[in-house]
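Chain and residue survey
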Amino acid sequence: MRVFICTDNQFPEGNADSNYIRYLALSIQNAGCEVIVVGSGVNRSQDYDGKKYSYRGIEYYNTKKAKDRILFHLEPTLTCGKEHLQYMGMKGLNSKDYVVMYTSLFRLHKLLFDSNLIPHNHIICTSVEWMQPMLYRFGRFNPSYQLREYVINKYTRLCGKVIPISQKLSERFIKNGCTTLIVPMLTETTEYKKLVSMQNTIKFIYPGAAFKKDKITSIVEAVPLLEEEICKRVEIHFTGMKKEALSNELGDNKWILDKFASVFVFHGWLEYQDLLNLYNEIDCLLLPREENQFTTANFPSKVPELMRYGVIPVCSDVGDYTKLYLEDKIDSLIFCGGQPIDCANAIKRVCNLNPEELLELKERVVKSAEEKFDFRKWSNRIVNFIMSN
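To start, this report covers the structure provided alongside it.

Re the pattern of salt bridges
Inspection of the entire model under this criterion finds 22 salt bridges. Here Asp-317 makes a salt bridge to Lys-323, at a shortest N to O gap of 3.3 Å. You can call Asp-317 partly exposed: its relative accessible area is 30%. Connected through salt bridges with shared partners, the residues Arg-56, Glu-188, Asp-374 and Arg-376 form a single ionic network.

Considerations on the pairing of strand β5 (residues 98-102)
In terms of residue burial, β5 counts as a mostly covered element, since five of its five residues are buried. With burial as the criterion, each face of β5 is covered, one bearing Tyr-98, Val-100 and Tyr-102 and the other bearing Val-99 and Met-101. Sheet analysis places strand β1 (residues 2-7) next to β5, joined by five bridges and oriented parallel. Bridged to Phe-4 within β5 is Val-99. Judged from the three bridges that link them, β5 and strand β6 (residues 123-127) form a sheet pairing that is parallel. Bridging from a neighbouring strand, Val-100 pairs with Ile-124 of β6. Assessed by its sense of winding, the connection that carries the chain from β5 through helix α4 (residues 106-115) to β6 is right-handed.

Describing the sheet that holds strand β8 (residues 179-180)
Spatial strand order, β3-β4-β2-β1-β5-β6-β7-β8: eight strands in an open sheet with mixed pairing. Lying at the two open borders of the sheet, with one neighbouring strand each, are β3 (53-55) and β8. Alignment of β1 against strand β2 (residues 34-40), held across five bridges, turns out to be parallel. Each bridged residue has a counterpart across the sheet, and for Phe-4 the counterpart in β2 is Ile-36. Here helix α5 (residues 143-159) sits on the sheet and contacts β6 and β7 (161-164); the angle it forms with β6, its principal contact strand, is near 140°.

Analysis parameters
- Residues numbered from 1 in each chain as written.
- Predicted model: local features only at pLDDT ≥ 70, side-chain atom pairs only at ≥ 80, totals over all residues.
- Heavy atoms only, no water.
- Salt bridge = Lys/Arg side-chain N within 4 Å of Asp/Glu carboxyl O.
- Buried < 20%, exposed > 50% of the residue type's maximum accessible area, 1.4 Å probe, protein only.
- Helix = DSSP H or I, 4+ residues; strand = E, 2+ residues; numbered from the N terminus.
- Pairing = 2+ DSSP bridges.
- Right-handed = clockwise from strand over helix to strand, strands pointing away.
- Contact = heavy atoms within 4.5 Å.
- Axes fitted to C-alpha atoms, helices over the stretch in contact; angles between N-to-C directions.

Below is the structure:
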């Protein structure tokens, strides 16, 4: 059986979307399927064998993204998708194949659904976010928001099958008459390095710059609420963001970054392997969130990615991932709220654990990642769903 994955993101690496696609592709391949990914971005020269690009036995091709600013903004509606369909046609896409869509772009959907190359029930949509009007300029009157909603509502009904990342998203598509399979963010646990000893300093990390999802400012504003002895014991690392960006978000509280400079470490953007190397040194992921429709429908990709390295999720009880997959004091430390005082209390809770308790918790975190998020555990469920009527 052949399964195409069609996306406007880069494969196999690039960002959190790339990671989702990579592990989804590996999971489907693990069930014995031939997988071909058609994405957008840069093709890696080391993956080219003279005939095709291939990553771990998965053939892929990334179409070029427009560099011209005007064309870049026109891509979602006017230009993106034609080259995707041409490549799939060149590979002989036919009624026996299946296509998994990881995109909300109108043009990609329209071209595929109008092509008649494949039955609509052989197309499976995915959904990882429920974007809210407040995230767009002009809110629900924003054309991009309206087009995204149109694509999601029309084409999920046409195909009838959706792989959402959360229960909240699943409920949305069930109301649209779709069948769903909830699949969390997957990972590969064989890549991790297991820590054998704890360090004197407890290292927390926040990777990314998702200011509209995560209450990143609460992490910084929690530090002045900590006792001096605790401040001496902790480091908080930030990746994927510059200090200046966080300073701007803090407003009048930007002084905290300078006064407690010994606590905060800014890495900026890191190459993927450098980022993974940093994860090996980290003890805890600190993830405060406020509850709203956007956050409760989302599954933080950071969680399983870091858990495979024994990094303990210290996170707000927002969304179903803390209920479906994590258990407080077993493979995570879960707290209520996303305010600075909530973060401060969570940091104190970690610091109150002795080294042996921390190490035991980290070992359980790795085991939990293996059992719940490794892509191999989901292979048969995903493929059976793809093939279902």
